[in-house]
Structure formats: structure tokens, C-alpha cells
Amino acid sequence: MPRFVPSRPDPGGDPAYAALKARIIARTGHHYYIDKDELLTERLHRRFRATAIADCAAYSALLADPSRGEAEWANLEAEITVGETFFFRYAEQFQALRETILPALIAAHRHDRTLRIWSAGCSTGAEPYSLAILVREALGDALPDWRVVILGTDISVEALATARAAEYGRWALRTMPPEDRLRYFTRLPPAPGIRREGGFALRPEYRALVRFERGNLLSLVEPNVPPGEGFDLILCRNVLIYFEAETVAAVVRGLGRRLRPDGWMLLGHAEPNPTFSGFLDPVSLPGTVAYRRLADAVPTLAPRPVPPALEPAWSVPRIHEADEADEPDEPDEPVESAVATILAPPRPALLPSLDLGDGEAPADDLARIRALADAGETGAAWRVLRDALARDPTDPALRFYEGLLARTLGRDVEAERALRAALYLDRGFVMAHYHLGLLLIALGRPEAAARALDNAIALSQALGPNTLLLEGDGAAAGEIAAGAAAARAGLGADSGTGRP
């Protein structure tokens with residue numbers, strides 16, 4: 001008997017799609033999907049396959065089924081709210097946590113020695129575990145004397161199961177320097193799924209600080225819901241984008257009611273709204289904005305000075321020529337030849353702001369690639385990437401993600417070629433220099449790694465410490481300069497000359 005393969009839902013061809021979409025938005029509040037039909041149909045297609053259903057009409061009937069409908073609604077809501085997750089996302093917010101927010105909270109609670117933190121919409125746990133790492137480092141030897149609660153909540157049962165396991169593939173740790181991976185994680189052997197090429201298990205001392213529960217943020221807008229015990233710090237990042245403006249304001253108001261005196265709140269970069277000032281006080285911090293209860297807000301803090309190590313050492317950075325000095329030891333096919341075979345002839349301008357005009361990768365392509373990779377569907381992300389590259393092989397962002405995904409899949413030679421291709425197209429691509437340096441460290445080529453990291457440091461310093469970097473996942477130039485400098489220091493002073 002042939003295997004049943006459902007067809008992909010087509011927004012223009014399935015007469016029941018519009019009604020199903022309206023029903024989903026009304027039920028979940030996810031107005032994010034009003035203008036994102038391709039993304040919604042892709043996620044519906046996953047549920048179609050899981051339930052062996054052929055079209056939108058049949059799926060609508062399943063959702064209305066008295067015995068099976070509620071369970072499928074839970075599965076669907078989890079599917080359409082799967083978000084991007086990796087450790088220390090939005091570096092400038094974690095810098096604010098490390099330098100301002102956590103020290104203030106520790107000082108405020110030095111007598112009762114309690115600290116309650118809520119990561120709302122935590123997905124697979126990278127955010128609350130990142131907080132656990134910061135808290136443990138901030139308290140140091142005093143940690144046993146404190147009662148620390150870090151709560152992660154999410155609507156997805158599957159995401160919470162992954163969070164509790166605390167095991168991650170390379171993709172979730174892609175911005176973390178190798179020495180930090182060794183400090184916070186232990187290596188795992190290859191396994192199916194996100195650990196296909198090996199993985200990392202968070203060390204028990206960090207896992208012990210975090211617990212997880214299933215929760216729906218929309219419960220905050222329900223009438224007569226008791227606020228429960230308050231929190232000193234609440235993070236709700238990259239969740240509110242799914243809701244319409246009225247719901248967003250109601251959710252943030254509900255979160256504000258859960259703040260304890262002297263508490264702090266951080267939202268995603270795209271989520272602050274002027275209306276929040278009616279019930280919360282925004283506090284400007286270097287590179288980000290935090291929120292406090294109206295009675296607790298302090299005067300706006302002055303930007304912190306740039307540490308001496310991050311001050312620009314020169315006005316125009318000198319970039320090491322990757323195509324002359326950094327080819328790997330592969331005599332049959334050096335990197336510059338491989339780059340030439342996959343790219344068009346060199347463009348005349350190879351400066352930091354390469355204008356690709358109409359040839360730029362569509363934002364939807366990049367969004368789908370990121371979403372699939374973050375959901376652990378590396379193979380599907382790779383296929384979308386290959387299709388996008390077939391349409392535009394000269395987009396540096398696509399080549400950059402080709403490098404990251406190839407690295408995740410254990411294809412290190414392909415990863416190096418792709419990152420060098422991104423730099424061939426845009427020599428000022430800081431994150432490509434940075435990730436190339438980390439890759440070359442892992443490959444045991446310290447001289448070539450040093451040159452790539454030197455380039456990342458020089459370009460980051462020239463931009464200024466608070467400049468957000470292209471494809472940096474919220475990382476600021478100062479943070480990447482510091483991370484690259486730390487990785488560079490581990491290579492020794494003699495690296496950076498000679499052949500790889």
C-alpha cells in the first residue's frame with residue numbers, strides 16, 4: 001500500500017484556508033500571521049503530516065472534534081509559537097544584566113537573600129539557562145546562602161521537554177566561544193535530531209537553578225486572575241510579536257503586576273511600545289531599554305565608558321587578505337578556487353556596506369532558515385537555504401548561514417568555504433570573520449584563526465561598542481570585539497603569522 005503523503009496547503013488554492021487562518025488567529029491571538037501566509041501554511045503542513053490529514057477543511061474538522069480537538073489545538077499552538085532560541089541571545093541585554101540589573105538586585109536583596117526570576121516564553125530553555133550561568137557567576141561563593149528561583153514557562157510541552165533535558169546541538173551555542181562551551185557544557189556523542197553531529201549537555205550546577213512549567217501568557221489578560229508570587233526579574237522576549245497591539249499592552253501590564261518592588265523587566269528589541277510608559281517606567285541602559293514599576297524607577301543611567309581593551313587602536317582597520325594567506329591544506333582544491341566556482345566574478349566594492357539591491361535575499365528566506373534551524377530542523381533549514389542560494393548565490397547573508405548550518409552538520413570544509421564566500425562578497429562582515437575564527441580554532445589552525453579574529457576585532461572597534469552587527473543576533477560590536485579578543489588571547493601572542 002503506498003504511503004500517504006499529504007499535499008502542501010496552498011493559501012490561494014485551498015478554499016478552506018482563509019477560514020482556518022481566521023479561526024487560528026482568533027483562538028490564539030497570533031496576529032503575527034496576518035501577513036505571513038507562507039510561514040503559517042508551512043507550519044500547518046507539519047500538523048497535516050502528523051495527523052495524516054490532506055487539507056484545511058479536514059484539519060478544521062479535527063480541531064472541532066469534541067474528543068481530539070483540544071489536544072490538537074495544543075499541538076498547533078506549540079507549532080506556531082516555536083521561536084528562535086540560543087544561549088545569550090541579544091548580547092547587549094545580557095551585558096546590562098551582568099553589569100547593572102543583577103548587581104542592583106543582589107544589593108537590594110542582601111538581607112533576605114532571595115532572587116526570583118521568570119523567563120516567560122522560554123522555548124527550549126536557552127534563556128533561563130543563560131540567566132542561571134549569569135546568576136551563578138554573579139553570586140560566586142555566596143550562592144549557597146541564597147534562595148534562587150529561575151522559572152521558565154512556555155506553551156509547548158515538547159519545547160519544555162527539551163529544556164528539561166538541557167541537551168543542545170551546535171546551533172544553539174553558535175555565538176558562544178569554544179572556551180565557554182567547555183566551561184558550561186560537557187560534550188555528548190552523536191544522536192538523532194539536533195545532536196546529529198554531537199551535542200552539549202549543560203553542567204548540573206547550572207541546571208539545578210532552573211525549573212520549568214507549562215504556561216500561556218494569554219492567561220495574564222484574563223479577568224480576576226490572582227497575580228501570584230512576584231518576581232525580581234522578568235524576561236519576555238520575542239513572544240509579544242505574535243499578538244496584536246491591544247493584547248500586547250494587556251500582557252505587558254499583567255507582567256508588570258508580577259514584578260516585586262525593585263524589580264526589572266526586559267522585552268525583545270522589537271517589542272517596546274510607548275504605551276507601556278502608562279504603567280511601567282522605561283530605563284535606558286547601554287544598548288537596550290529595561291522596565292521597572294513606576295514607583296521603583298531610577299534616573300536614566302549614563303552609558304558606561306568603553307573599556308580600554310575595546311578602544312579603537314586605529315582609525316581604519318587593516319583586513320588580512322583571506323584569499324592570499326588563509327587557504328587550508330587541501331592542495332587539490334584551495335579555498336579561493338572553491339569560492340570562485342560558486343560565486344559570480346568579484347564585485348568592484350568589497351566594503352562593509354555591500355548594496356545588493358534587488359539581488360538581496362528575501363527576508364522571508366532568512367526568517368524561515370533561522371526558524372527551522374532554531375527548531376532543530378537543520379535538514380529542512382539546509383534545503384530552504386539551498387533553494388535561496390540557487391536564486392541568489394551572491395548574497396553574503398545566505399553564504400553566512402550556509403557556513404553556520406554546514407558547521408552544525410559537521411561539514412567543516414563546506415563551512416569554511418561558505419564563510420570565506422561571505423567575506424569575498426562583504427569584507428566588512430564582522431560575524432563572518434568571527435565565526436570563521438572560531439571554526440579555524442576548532443580545526444587546529446591557530447595562525448589562520450588569529451587572522452580572522454584580528455579582522456573581527458578591528459572591524460568591531462571601528463564601528464563603536466554599541467553598534468548592532470549584521471546577522472549578529474542582537475550582539476553589539478563591543479561584545480563581539482571582547483569575545484574575539486578573548487578567543488584570540490587563547491591562541492598566544494605568536495599566532496597570526498605564517499601559514500595555517
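In case you missed it, the structure is sitting above this.
This write-up is about the structure you can find in this document. Remember, it's a predicted structure, so these values are computed and weren't measured experimentally.

1. What about the overall build of the chain?
And then number 1: Per the secondary structure count, the chain includes 19 helices and ten strands.
And then number 2: In the chain, which comprises 500 residues, the share counted as buried stands at 53%.
And then number 3: Long-range contacts, defined here as pairs at least 24 residues apart, represent 72% of the contacts in the chain between residues at least 6 apart.
And then number 4: Accessible surface computed for the chain: about 22100 Å², of which carbon and sulfur atoms make up 54%.

2. Examining the pattern of salt bridges
And then number 1: Per the stated rule, a full pass over the model turns up 17 salt bridges.
And then number 2: One salt bridge in this structure joins Arg-116 and Glu-229, with 3.7 Å as the shortest N-O distance. Of this pair, Arg-116 sits in strand β1 (residues 114-120) while Glu-229 sits in the loop between β6 (210-214) and β7 (231-236), placing them 113 residues apart in sequence.
And then number 3: Classification of Arg-116 by relative accessible area gives buried; the value is 7%.

3. Details of the nonpolar core
And then number 1: Among the nonpolar cores identified, the biggest contains 49 residues, and Leu-385, Phe-400, Tyr-401, Leu-405 and Tyr-434 are the most heavily contacted of them.
And then number 2: Counting residues per element, the ones that place at least two in this core are α13 (363-374), α14 (378-391), α15 (396-408), α16 (412-425), α17 (430-442), α18 (446-463) and α19 (477-489).
And then number 3: Setting aside residues no more than four positions away along its own chain, Leu-385 makes contact with Ile-369, Leu-398, Tyr-401, Glu-402 and Leu-405.

4. Observations concerning the pairing of strand β2 (residues 147-154)
And then number 1: Among the eight residues that make up β2, seven are buried, leaving the element largely enclosed by the rest of the structure.
And then number 2: In terms of handedness, the path from β1 via helix α6 (residues 126-139) over to β2 forms a crossover that is right-handed.
And then number 3: Sheet topology places β2 next to β6; five bridges connect them, and they run parallel. Note on β6: the bridge partner recorded for Ile-150 is Val-210.

5. Examining the packing of helix α1 (residues 17-28) against helix α3 (residues 56-64)
And then number 1: Direction vectors running N to C along α1 and α3 enclose 35°, while the axes themselves pass 9 Å from each other. As for the relative orientation of α1 and α3, their crossing is left-handed in sense. On α3, the residues touching Tyr-17, Leu-20 and Arg-23 of α1 are Cys-56, Tyr-59, Ser-60, Leu-63 and Ala-64.

6. Examining unusual backbone geometry
And then number 1: Even without being glycine, Ala-52 reaches a positive phi, approximately 55°.
And then number 2: Tracing the backbone through its elements, the reader meets Ala-52 in the loop between α2 (37-51) and α3.
And then number 3: If you check the backbone angles, Asp-262 has positive phi at about 70° while not being a glycine.
And then number 4: Exposure remark for Asp-262: the relative accessible area of 34% places this residue in the partly exposed category.

7. Let's talk about the sheet that holds β1
Strand pairs in the sheet, formed through backbone hydrogen bonds, run parallel or antiparallel to each other.
And then number 1: One open sheet holds the seven strands; their spatial order is β6-β2-β1-β7-β8-β10-β9, and the pairing between them is mixed. The open sheet terminates on both sides in strands that have one partner only, identified here as β6 and β9 (280-285). Going across the sheet, the axis of each strand differs from the next one's by a mean of 25°, ignoring polarity.
And then number 2: As judged from the seven bridges shared by β1 and β2, these two strands associate in the parallel manner. Directly across from Ser-119, in β2, lies its bridge partner Gly-152.
And then number 3: Its contacts with the sheet place α6 against β1, β2, β6 and β7, and it is angled at close to 170° to β2.

8. Focus on helix α10 (residues 245-257)
And then number 1: Taking 1.5 Å as the rise per residue, α10 with 13 residues should run 18 Å; its terminal C-alpha atoms sit 19 Å apart, in good agreement.
And then number 2: Burial in α10 covers these residues: Thr-247, Val-248, Val-251, Val-252, Gly-254, Leu-255 and Gly-256.
And then number 3: At its buried positions, α10 is contacted by β1, β7, β8 (259-267), β9 and β10 (288-293).

9. Structural notes on the environment of Leu-266
And then number 1: Mapping Leu-266 onto the fold places it in strand β8.
And then number 2: Measuring from C-alpha to C-alpha, the distance between Leu-266 and Thr-288 comes to 8.8 Å, with 22 residues separating the pair along the chain.
And then number 3: If sequence neighbours within four positions are ignored, Leu-266 has contacts with Gln-93, Leu-97, Ile-101, Ile-234, Leu-235, Cys-236, Arg-237, Val-289 and Ala-290.

10. Focus: the side chain of Thr-153
And then number 1: Secondary-structure assignment places Thr-153 in strand β2.
And then number 2: Within the structure, Thr-153 has its side chain in polar contact with the side chain of Trp-118 (distance 2.9 Å).
And then number 3: Excluding residues that lie within four positions of it along the chain, Thr-153 makes contacts with Trp-118, Ser-119, Ala-120, Gly-121, Cys-122, Leu-160, Glu-213 and Gly-215.

11. A word on the packing of aromatic side chains
And then number 1: Evaluated as defined, the whole model comprises twelve aromatic pairs.
And then number 2: Measuring from ring centre to ring centre gives 6.4 Å for Phe-185 and Phe-200, while their planes differ by 80°; the resulting arrangement is edge-to-face. Here Phe-200 lies in strand β5 (residues 199-202) and Phe-185 lies in strand β4 (residues 185-188), a separation of 15 residues in the sequence. Side by side, Phe-185 and Phe-200 carry an identical accessibility label, which is buried.
And then number 3: The rings of Phe-87, Tyr-168, Phe-185 and Phe-200 are connected pair by pair, giving a single aromatic cluster.
And then number 4: In this structure, Arg-183 packs its charged tip against the face of Tyr-184, placed 5.6 Å from the ring centre.

Calculation rules
Residues numbered from 1 in each chain as written. Predicted model: local features only at pLDDT ≥ 70, side-chain atom pairs only at ≥ 80, totals over all residues. Heavy atoms only, no water. Helix = DSSP H or I, 4+ residues; strand = E, 2+ residues; numbered from the N terminus. Buried < 20%, exposed > 50% of the residue type's maximum accessible area, 1.4 Å probe, protein only. Contact = heavy atoms within 4.5 Å. Areas by Shrake-Rupley, 256 points an atom, 1.4 Å probe, with all protein chains shown as cover. Salt bridge = Lys/Arg side-chain N within 4 Å of Asp/Glu carboxyl O. Core = buried A, V, L, I, M, F, W, Y, C linked by side-chain atoms within 4.5 Å. Right-handed = clockwise from strand over helix to strand, strands pointing away. Pairing = 2+ DSSP bridges. Axes fitted to C-alpha atoms, helices over the stretch in contact; angles between N-to-C directions. Left-handed = near helix turned anticlockwise from the far one by under 90°. Expected span 1.5 Å × (residues − 1). Polar contact = N/O pair within 3.5 Å; in protein donor to acceptor, adjacent residues only side chain to side chain. Phe/Tyr/Trp six-rings, centres within 6.5 Å; stacked < 30°, edge-to-face > 60°. Lys NZ or Arg CZ within 6 Å of the ring centre and 35° of its normal.

Geometric descriptors of this kind do not, in isolation, establish any biological role.
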